[in-house]
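Examining the three-dimensional arrangement
The chain contents come next:
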Amino acid sequence: MKLARVLSGPAATAIVYFVLAAGSVAFARFSGGVAMAWTASAFLAGRLIHLPEQRWSAWMVPCGVASALATGLLGLGWFSAGPFAVINIAEAAGAAWLWRRITKAFWPYDTLEWIASYYIGIALMLPLLTGALAACAGWLTLDLPLVENFTHWIIGHSLGLLACLPIFHYVFARLSRGRSFLPSTAQLPLAAVVVGSYALLTFLVFTLDMRALLVFPLIYLVVSAAVLPGSITAILPVIMIGVGGGMTILGQGPIAGMEMDFGDRIQFFQLYLGVSVFAAFPITCERLRRMAEMRTMQRRIAALEAGQTLP
């Protein structure tokens, strides 16, 4: 439990945020402008969701410093570090704020409305707003092209929030309760089989230059979301990023063989990952809703059997 508090504390969060931001700034600025792949906002938003809003500043300030350091040291320079740090942190805070509001309004009984609000508000409208601010900031400070950077920001940040925010939300939900986000001891044999077979399937698909095979990891993820616990399902997109993304960067697989620039191929992989999560996430939400209803029904049955008055 002490380890969980340390991992979810401001210092550890800022360190991981810096690693994610520095990795994006150093390796995903394929056109020389803004990063075309971004997961740091999803990471910070996943932490803020599980904190009272009056405590957010204790996490936002060190992560803002981390963002500025990443931009200043490895990215667009110190002149742009401040504005981009403010925009990045505001994006993460906005995503967390929207998540909490739509959850309060719709969860767990109106899952369709919750999912639609998540896709439209967090994965679309928020990156559009921050992308406009970032494109203007880049144009004013470094004379970067407006439309190109606006497009790259939207794609990278939107897909980062869409694909990674549910994963980080799950991780910090477990850590905030002092629990491990890894599968339990009883689930380890099943987790080993599922994760191992998914990693092998992904490796085989990205070994061959046949784009039609990309449907199989997607179907595997969707089916897993319908029948497996979240502790196992949350690992599968990480496997996809590590295996599929790594092989794409190394020039292997169906996406790497596309006749487009390297940066566009990386963003296409992000799109593929985002579509996979897009297809699996509603199923996970519906499964969680049904499990919540089942627990409520079991409590009511137990109360009736004990002769208690139902609330």
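Everything below is about the structure shown above.
Summarised in this report is the structure supplied together with it.

The rules behind the values
- Residues numbered from 1 in each chain as written.
- Predicted model: local features only at pLDDT ≥ 70, side-chain atom pairs only at ≥ 80, totals over all residues.
- Heavy atoms only, no water.
- Buried < 20%, exposed > 50% of the residue type's maximum accessible area, 1.4 Å probe, protein only.
- Helix = DSSP H or I, 4+ residues; strand = E, 2+ residues; numbered from the N terminus.
- Contact = heavy atoms within 4.5 Å.
- Bend = angle between axes of the 7 residues up to and from the residue.
- Phe/Tyr/Trp six-rings, centres within 6.5 Å; stacked < 30°, edge-to-face > 60°.
- Patch = residues over 30% accessible without salt bridge, like charges linked within 9 Å, V, L, I, M, F, W, Y side chains within 5 Å.
- Areas by Shrake-Rupley, 256 points an atom, 1.4 Å probe, with all protein chains shown as cover.
- Salt bridge = Lys/Arg side-chain N within 4 Å of Asp/Glu carboxyl O.
- Core = buried A, V, L, I, M, F, W, Y, C linked by side-chain atoms within 4.5 Å.

1. Some remarks on helix H3 (residues 40–48)
- Burial runs high along H3: nine of the nine residues are buried.
- Ala40, Ser41, Ala42, Phe43, Leu44, Ala45, Gly46, Arg47 and Leu48 are the residues of H3 that are buried.
- Check the buried side of H3 and you find it contacts helix H2 (10–27), helix H4 (57–74), helix H5 (78–106) and helix H7 (146–176).

2. Here we look at H7
- If you look at H7, its biggest bend is around 45 degrees, right at cysteine 164, and the proline proline 166 turns up within four residues after that.
- Trailing H7 by a residue or two, glycine 178 shows a phi angle of about 70 degrees, which is positive.

3. Points about unusual backbone geometry
- Residues other than glycine seldom take positive phi values, yet aspartate 143 does so here, at roughly 60 degrees.
- Looking at where aspartate 143 falls in the secondary structure, it is placed in the loop between helix H6 (111–142) and H7.
- The class for aspartate 143 is exposed, based on a relative accessible area of 58%.

4. A word on the packing of aromatic side chains
- In the structure shown here, the tally under the stated rule is 15 aromatic pairs.
- For the ring pair phenylalanine 84 and tryptophan 153, a centre distance of 6.1 Å and an interplane angle of 45 degrees mean the geometry is tilted. Placement of phenylalanine 84 in helix H5 and of tryptophan 153 in helix H7 is noted, with a sequence separation of 69 residues between them. Across this residue pair, the class does not change: phenylalanine 84 and tryptophan 153 are buried.

5. Focus on a nonpolar patch on the surface
- On the surface, Val61, Val65, Leu69, Leu73, Leu74 and Trp78 cluster together into a nonpolar patch covering about 590 Å² of accessible area.
- The biggest single contributor to the nonpolar patch is H4, with five residues.
- Here leucine 69 shows up in helix H4.

6. Considering the nonpolar core
- Grouped together as the largest cluster of nonpolar side chains are 73 residues, with contacts concentrated most on Tyr17, Tyr118, Leu165 and Phe206.
- Not counting residues within four places of it along the chain, the set of residues in contact with phenylalanine 206 comprises Leu214, Met240, Gly244, Met247, Thr248, Gln252, Gly253, Pro254, Ile255, Phe269 and Tyr272.
- Among the nonpolar cores identified, the runner-up in size contains eight residues, and Leu76, Ile87, Ala134 and Leu144 belong to it.

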